[in-house]
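# Structural characterization, general
Below are the chains, spelled out letter by letter.
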Amino acid sequence: MSDRPPPFTALRAVEAASRHRSFTSAARELQITHSAVSQSIRRLELDLGTRLFERKGGAMEPSSAALRLAQTYSEAQESLSRAMREVLGPRADAALTIAMPVVFGRLWFAGKIGRLNEALPDVEVQISTREAAEGADIALAWSPRAVKGALCELSYLPLCAPELAAKLATAQPKALLRSPLIADAADSWSLWAARWAPGAKPPRAHLLDDAAMALDAAVQGGGIVLSNVFAAESYLTSGRLAALGFEVSAGQWLTARVQALPEAADAAERFVMWLRLELRRSQALARGHGPRDEQ
């Protein structure tokens, strides 16, 4: 392949499939057919002489080679976006009003302001975490379907204090259910058990209606918390919590409804592009802090 340009279409499919662990979800995100994703990846496997994905249970598990290609593609896409901004040169300052869920804003977006300043220095944001999104240039919300404007699929990940994680390093999924369980959403552990421990006794969990409280309880050794990867990111990167693998889809998508006036449309489009890249980066970081899922 040394004399040929990089197969960007195939690499894009590998990156999406690696995040979703699903060719179907990757096809939905890329707005192409399942067959197109499968054939692109298969041709790349033949060129490279190695398997990139293996089916495990209901998921397509990426190999270490696939994960490396996915990360490199994501970094290249971010570098190209940065180069485009540099070529375009300075722009007139723009202000965007953005409505978003409070937990997402407090536990994830607040930690990205520095990266936003670096990527979009001409864009000033005004964040609202109120339920009503009227008047916002961009409204972020959770949806039960991958509707138009969907940015990423939400997933749950079991996490616990590093000391407990070390004891559970080789544990099978059902063994996790024997530990004290913590949740910030009703029935989330039941959803997890249906995927990873079918037939197990319905799990019981301490239900804390504040995501930060649930995560802090796990930090203090209270048990295993089931949290979405965005709320948990800072806990993982700081080492306060460790991921146990066994991720499960939450059946929700983060969507962006852009309703900016014409004078703010360009800034809104660039913000959504930046947000999409940051969400992908966060998903990769969360999965990189835990063991590989096994069925």
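Being a predicted model, the structure only gives us computed values, none of them experimental.

Bringing the overall build of the protein chain into the picture now. Across its full length, the protein chain holds twelve helices and eleven strands. The C-alpha radius of gyration of the protein chain comes to 20 Å, within 12% of the 19 Å expected for a compact globule of 295 residues. When its C-alpha atoms are laid out on the principal axes, the protein chain stretches across 55 × 50 × 30 Å. Split by element, the accessible area of the protein chain, about 15,200 Å² in all, is 53% carbon and sulfur.

Let us now look at the nonpolar core. Among the nonpolar cores identified, the biggest contains 67 residues, and Leu140, Trp192 and Phe271 are the most heavily contacted of them. Ranked by the residues each element gives to this core, the list is headed by helix α12 (residues 265-288), at eight residues. What phenylalanine 271 contacts, discounting residues up to four positions off in sequence, is Leu96, Ile98, Phe109, Leu116, Leu120, Val125 and Ile138. Counting residues in each nonpolar core, the second largest holds 18 residues, with Ala16, Ala17, Val37 and Leu52 among its members.

Although it is not a glycine, arginine 21 sits at a positive phi angle of roughly 55 degrees. Looking at the element boundaries, arginine 21 is found in the loop between α1 (8-20) and α2 (23-30). With a phi close to 55 degrees, phenylalanine 246 is a non-glycine residue in the positive phi region. Accessibility expressed as a relative area gives 8% for phenylalanine 246, which makes it buried.

A few words now on the pairing of strand β2 (residues 59-62). In regular strands, side chains alternate between the two faces of the sheet. Neither face of β2 is open: one carries Ala59 and Glu61, the other Met60 and Pro62, and all of them are buried. Hairpin connection, strand β1 (residues 53-56) to β2: the antiparallel pair is bridged by two residues, and glycine 57 has positive phi, about 65 degrees.

With that out of the way, let us pick up the packing of α1 against α2. α2 packs onto α1 with a crossing angle of 125 degrees between their chain directions and a minimal axis gap of 8 Å. Looking at the two axes, α1 sits oblique to α2. The element α1 and its partner α2 pack so that their crossing is right-handed. Across the interface between the two elements, Arg12, Ala13, Ala16, Ala17, Arg19 and His20 from α1 touch Phe23, Ser25, Ala26, Glu29 and Leu30 from α2. In terms of residue class, the contact of α1 with α2 is made up of six nonpolar, two polar and three charged.

Summarising the model, the protein chain shows a mean pLDDT of 87, and 92% of its residues fall at 70 or more. No element of the protein chain has a lower mean pLDDT than helix α4 (residues 64-88), at 81, and none a higher one than strand β7 (residues 181-183), at 97.

Our focus in this paragraph is the packing of aromatic side chains. Following the criterion strictly, the structure yields ten aromatic pairs and no others. A ring pair is formed by phenylalanine 104 and phenylalanine 230, whose centres lie 6.2 Å apart and whose planes are at 75 degrees; its orientation type is edge-to-face. With phenylalanine 104 in helix α5 (residues 102-107) and phenylalanine 230 in helix α11 (residues 229-237), this pair connects stretches of sequence that are 126 residues apart. Centroid distance phenylalanine 271 to tryptophan 274: 5.6 Å. Interplanar angle 45 degrees. Geometry classified as tilted. Pair noted here: phenylalanine 271 and tryptophan 274 are both in helix α12, with a separation of three residues, about one helical turn. Relative accessible area serves as the criterion here: at 0%, phenylalanine 271 is assigned to the buried category. Among the aromatic residues, those joined into a cluster by ring pairs are Phe104, Trp108, Trp142 and Phe230. Residue placement shows arginine 195 over the ring face of tryptophan 196; its charged tip is 4.0 Å from the ring centre.

Each value, and the rule that gives it
Residues numbered from 1 in each chain as written. Predicted model: local features only at pLDDT ≥ 70, side-chain atom pairs only at ≥ 80, totals over all residues. Heavy atoms only, no water. Helix = DSSP H or I, 4+ residues; strand = E, 2+ residues; numbered from the N terminus. Rg over C-alpha atoms; globule rule 2.2 N^0.38 Å. Areas by Shrake-Rupley, 256 points an atom, 1.4 Å probe, with all protein chains shown as cover. Core = buried A, V, L, I, M, F, W, Y, C linked by side-chain atoms within 4.5 Å. Buried < 20%, exposed > 50% of the residue type's maximum accessible area, 1.4 Å probe, protein only. Contact = heavy atoms within 4.5 Å. Pairing = 2+ DSSP bridges. Axes fitted to C-alpha atoms, helices over the stretch in contact; angles between N-to-C directions. Parallel < 35°, antiparallel > 145°, perpendicular 65-115°, else oblique. Left-handed = near helix turned anticlockwise from the far one by under 90°. Nonpolar A, V, L, I, M, F, W, Y, C, P; charged D, E, K, R; others polar. pLDDT = per-residue confidence, 0-100. Phe/Tyr/Trp six-rings, centres within 6.5 Å; stacked < 30°, edge-to-face > 60°. Lys NZ or Arg CZ within 6 Å of the ring centre and 35° of its normal.

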